[in-house]
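Close look at the chain arrangement
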Amino acid sequence: MFNNFNKIPGVTSFQSKTDLPVLLPYQARSSGDPLDLRFSRWLASSSPWLMFALFLLVSLYPMAVMAQSKYTLEDAFSTLWRWLPFVVGSGFVMNLLISFFTMLIGTATGILLGLGQISLLPPVRKLSWFTTQLFRNSPWLVLLFIVMLTFPFEIEIGDSITHIPDWMKAVFGLSLPIMANISEVVRGAVQSVPTGQWEAAESLAYSRTQTIWKIILPQCFKRMIPPWMNWYAILTMATPLVSLLGVEEIVTLSRQAMEAEDNHPELLIPFFGFALFLFFAYCYPIARWTLKLEERYSVKL
Amino acid sequence: MTTNNWTPEQPIVSVKDVHKSFGELEVLKGISFDVMKGEVICIIGPSGSGKSTLIRCINALNEINSGSIKVHGLEVNDPDLNKLELRKNVGMVFQQYNLFPHKTALENIMMAPMLVLKESKEEVRAKAEVLISKVRLDDKKNSYPGELSGGQQQRVAIARSLAMNPDVILFDEVTAALDPETVKEVLVTIQDLASEGMTCILVTHEMGFARELADHIYFTDRGVIVEHGPPATFFKKAKDPRTKEFLSQIL
């Protein structure tokens, strides 16, 4: 029964039946901090039935409320149904768009920062380390606020003025913590390559750049995929944060839709429950897939 | 290769009074020896006597604290040393093979000459094909290291090192991780090299091999060379009690 606690992220408990390490199950590459997949593991450990449970909740809750109100279940659902194209098409799609672009920018800059962390030049290494730690340990919402409020809403290049939409600024804001975490993923993966590989490359007169790009990175590329996907799932789940800054994504639009429908409290659970369902349906398969890849890649090499 | 001021009458590797410490721990306490071109040198001694550290200093994988190591006229202890230039002259084979797992046997051999020496692909491929049959692995050239046995991997590693046309090859306990049956196939490969005149410096526990093949044997203990000599005298007329004890344990 104690093992159930392991499903809660951050809680580790175990029953020790033996204290002889050789008798414990072999754990291929115990997941160190940088390659940690705690979130994916937690998400993937939930039953696929949860999806239906969420759906049931969304559909059954209004029944209970319905008894005291004139607003019927049918009303609530036809309302949700009517707003569905808007909430999904303009809302959830925006969440996905933000997550794609954030991941793109975060990965590109994160790889550079991660390589900076293993640079031989002390200033580069220290600055990269500091940047990584700074953005890894800052609350995402605070970073978002800073970027949203300090970035200009339009930039002048020559005599043309380019308007920067809110969602783009949100992408920059979310890219910062993603960049820092991908930086750690890269550093961790590079350091997980045995030193013998560096020495073999060195003794064959490879330059450091050649060693990194031709020998080390190709080997740890596969190992970076599961933690990278883990961060993608975390990021996607975090995209509704930007609703606090007025970016029009699923939560913002759901609220607008409910306001347009006279703020019936009966609508809260169907609308937000539906959002919950969408995120779960999107991220759960990613988490399962992440763990599958993790399993496959940890056996090889 | 840069020939600089080296002439064939001089030792190709010249080690003089080398000291090396890891923090407080002094591993090498004044080691000196010379290796002429075409010689086979075996360094033996108990674990922790600094043998591996010593040969890793020769291609600058470890830096030395004082003394001098000259390889083909290049001073290893020179802060301005171009390490890449040095390492083009010195090959190295490791105990754990250290093949690149994401490349096939042939690619492992071809990569360095193409990337480092900038030789053309056709030229390198022809050379690699010759080398892979030299180590008797023609049928395995497209296998990945994970699909090869330890002995086969080690022979690929030797071929990989040879592809750079080094003047000297360092062998760091290359048979220590192998099964007894596969040790022989690797030793035969090294024997072939030696008979072709390749300069070899080996750290080894294979006494039979050292006795048969070495031109000179050095026995190290606690960071110094205790005794040395050609195999005939070394094995029969060891004078130092430490050497005698070591040999009595191992033979």
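Residues numbered from 1 in each chain as written. Chains lettered and ligands numbered in written order. Predicted model: local features only at pLDDT ≥ 70, side-chain atom pairs only at ≥ 80, totals over all residues.

Here's the deal with the overall build of chain A
Let me state the cut-off plainly: The numbering of helices and of strands both runs from the N terminus, where a helix is a DSSP run of H or I of at least 4 residues and a strand a run of E of at least 2. Any two residues are considered in contact once their C-beta atoms, placed from the backbone, lie within 7 Å.
The helix and strand tally for chain A stands at ten helices and two strands. Listed by position from the N terminus, the elements making up chain A come as α-α-α-α-α-β-β-α-α-α-α-α. Long-range contacts, defined here as pairs at least 24 residues apart, represent 77% of the contacts in chain A between residues at least 6 apart.

Notes on the sheet that holds strand β3 (residues 40-44) of chain B
Consider a sheet: its strands pair through backbone hydrogen bonds, and that pairing is either parallel or antiparallel. All names here are of chain B. What counts is decided by this rule: Strand pairing is assigned whenever DSSP detects at least two bridges linking the two strands. Orientation is described by lines fitted to C-alpha atoms, with helices fitted over the stretch in contact, and by angles between N-to-C directions that extend from 0 to 180 degrees.
Taking strand neighbours across the sheet as the criterion, the six strands line up as β6-β7-β8-β3-β9-β10 in an open arrangement whose pairing is mixed. With one partner strand each, in any of the chains shown, β6 (90-93) and β10 (224-229) form the two edges of the open sheet. Strand-to-strand twist across the sheet, computed as the mean angle between neighbouring axes with direction ignored, equals 20°. Judged from the four bridges that link them, β3 and strand β8 (residues 199-203) form a sheet pairing that is parallel. The residue bridging cysteine 42 from the neighbouring strand is leucine 202, located in β8. Its contacts with the sheet put helix α1 (residues 51-58) on β3, β6, β7 (168-172), β8 and β9 (216-221), and the angle it makes with β8 is roughly 150°.

Observations concerning the environment of Trp140(A)
Residue and element names in this part refer to chain A. Note the threshold: Neighbour counting defines burial: a residue surrounded by 20 or more other C-beta atoms within 10 Å of its own C-beta is buried, one with 12 or fewer is exposed, and intermediate counts give partly exposed, using backbone-placed C-beta atoms.
Residue placement: tryptophan 140 occurs in helix α5 (residues 140-150). The exposure class assigned to tryptophan 140 is partly exposed, which follows from the 18 C-beta atoms found within 10 Å. Leaving out residues up to four positions away in the same chain, tryptophan 140 has contacts with Leu174, Pro177, Ala238 and Leu241.

Re the pairing of β9(B)
All names here are of chain B. In terms of burial, β9 is a largely internal element, five of the six residues being buried. Sheet analysis places β3 next to β9, joined by four bridges and oriented parallel. Bridging from a neighbouring strand, isoleucine 41 pairs with histidine 216 of β9. In this sheet, β10 lies alongside β9 in antiparallel orientation, the contact comprising five bridges. Bridge pairing in β10 links tyrosine 218 to histidine 228. Adjacent in sequence and paired antiparallel, β9 and β10 are bridged by two residues, among which arginine 222 carries a positive phi angle near 50°.

Focus: the packing of helix α7 (residues 195-203) of chain A against helix α8 (residues 208-238) of chain A
All names here are of chain A. Under the convention used in this document: Working definition: roughly parallel below 35 degrees, roughly antiparallel above 145 degrees, roughly perpendicular at 65 to 115 degrees, and oblique for all remaining angles. In this scheme the handedness of a crossing depends on how the near helix is turned from the far one: anticlockwise by less than a right angle means left-handed, clockwise means right-handed. Under the convention adopted here, Pro, Cys and the residues Ala, Val, Leu, Ile, Met, Phe, Trp and Tyr are nonpolar, Asp, Glu, Lys and Arg are charged, and Gly plus all remaining residues are polar.
With their axes 11 Å apart at the nearest point, α7 and α8 run at an angle of 155° to one another. Considered as vectors, α7 and α8 are oriented roughly antiparallel to each other. Handedness of the α7/α8 crossing: right-handed. On α8, the residues touching Gln197, Trp198, Ala201 and Glu202 of α7 are Thr211, Ile215, Ile216 and Gln219. By residue class, the composition of the contact of α7 with α8 is four nonpolar, three polar and one charged.

Section: the sheet that holds strand β4 (residues 66-71) of chain B
Residues and elements named next belong to chain B. Read from one edge of the open sheet, four strands run β2-β1-β4-β5, paired in antiparallel fashion. Two strands lie at the open edges of the sheet, namely β2 (25-35) and β5 (74-75), each paired on one side alone. Bridge analysis of strand β1 (residues 13-22) against β2 gives eight bridges, and the strand direction is antiparallel. Its bridge partner lying in β2, valine 13 is registered against valine 35.

What about the interface of chain A and chain B?
The interface of chain A with chain B comprises 16 residues on the first partner and 17 residues on the second. Residue assignment for the side of chain A that touches chain B shows that the elements contributing at least two residues are α7 and α8 of chain A. Counting residues per element, the side of chain A that touches chain B draws most heavily on α7(A), which supplies six residues.

Some points on unusual backbone geometry
All names here are of chain B. The backbone phi angle of aspartate 17 is positive, close to 50°, even though this residue is not glycine. Its location among the elements puts aspartate 17 in strand β1. Even without being glycine, asparagine 165 reaches a positive phi, approximately 50°. In this structure, asparagine 165 sits in the loop between α5 (150-162) and β7. Under the C-beta neighbour-count criterion, asparagine 165 is labelled partly exposed, with 14 such atoms within 10 Å.

Focus on the pairing of strand β2 (residues 160-163) of chain A
All names here are of chain A. Sheet topology places strand β1 (residues 154-157) next to β2; four bridges connect them, and they run antiparallel. Counterpart to glutamate 154 in the pairing with β2 is histidine 163. What sits between the antiparallel neighbours β1 and β2 is a turn of two residues, in which glycine 158 has the positive phi angle 65°.

So, α5(B)
All names here are of chain B. Put simply, the test is: Given a helix with a known number of residues, its expected span is that number minus one, times 1.5 Å.
For α5, which comprises 13 residues, the first-to-last C-alpha distance of 18 Å matches the rise-based estimate of 18 Å (1.5 Å per residue) to within 8%. Where burial is concerned, most of α5 is hidden: twelve out of the 13 residues are buried. When we look at burial in α5, the residues that qualify are Gly151, Gln152, Gln153, Gln154, Arg155, Val156, Ala157, Ile158, Ala159, Arg160, Ser161 and Leu162. Where the residues of α5 are buried, they touch β6, α3 (105-115), α4 (121-134), β7 and α6 (180-195).

Section: the confidence of the model for chain B
Just so we agree on the cut-off: pLDDT is a per-residue confidence score from the predictor, ranging from 0 to 100.
Here chain B shows a mean pLDDT of 90. Residues at 70 or above account for 98%. This complex was scored by the predictor with a pTM of 0.77 and an ipTM of 0.90.

A closer look at α1(B)
Residues and elements named next belong to chain B. Along α1, eight of the eight residues are buried, which leaves the element largely enclosed by surrounding structure. Among the residues making up α1, those that are buried are Lys51, Ser52, Thr53, Leu54, Ile55, Arg56, Cys57 and Ile58. After α1 finishes, the residue alanine 60 shows a positive phi value of roughly 65°.

Describing the packing of α3(B) against α5(B)
Residue and element names in this part refer to chain B. Close contact between α3 and α5 brings their axes to 8 Å; oriented N to C, the two are set at 25°. On the basis of the axis angle, α3 is roughly parallel to α5. For the pair α3 and α5, the crossing hand works out as right-handed. When α3 is examined against α5, the residues Ala105, Asn108, Ile109 and Ala112 are found in contact with a partner set consisting of Val156, Ala159 and Arg160. Split into classes, the residues belonging to the contact of α3 with α5 amount to five nonpolar, one polar and one charged.

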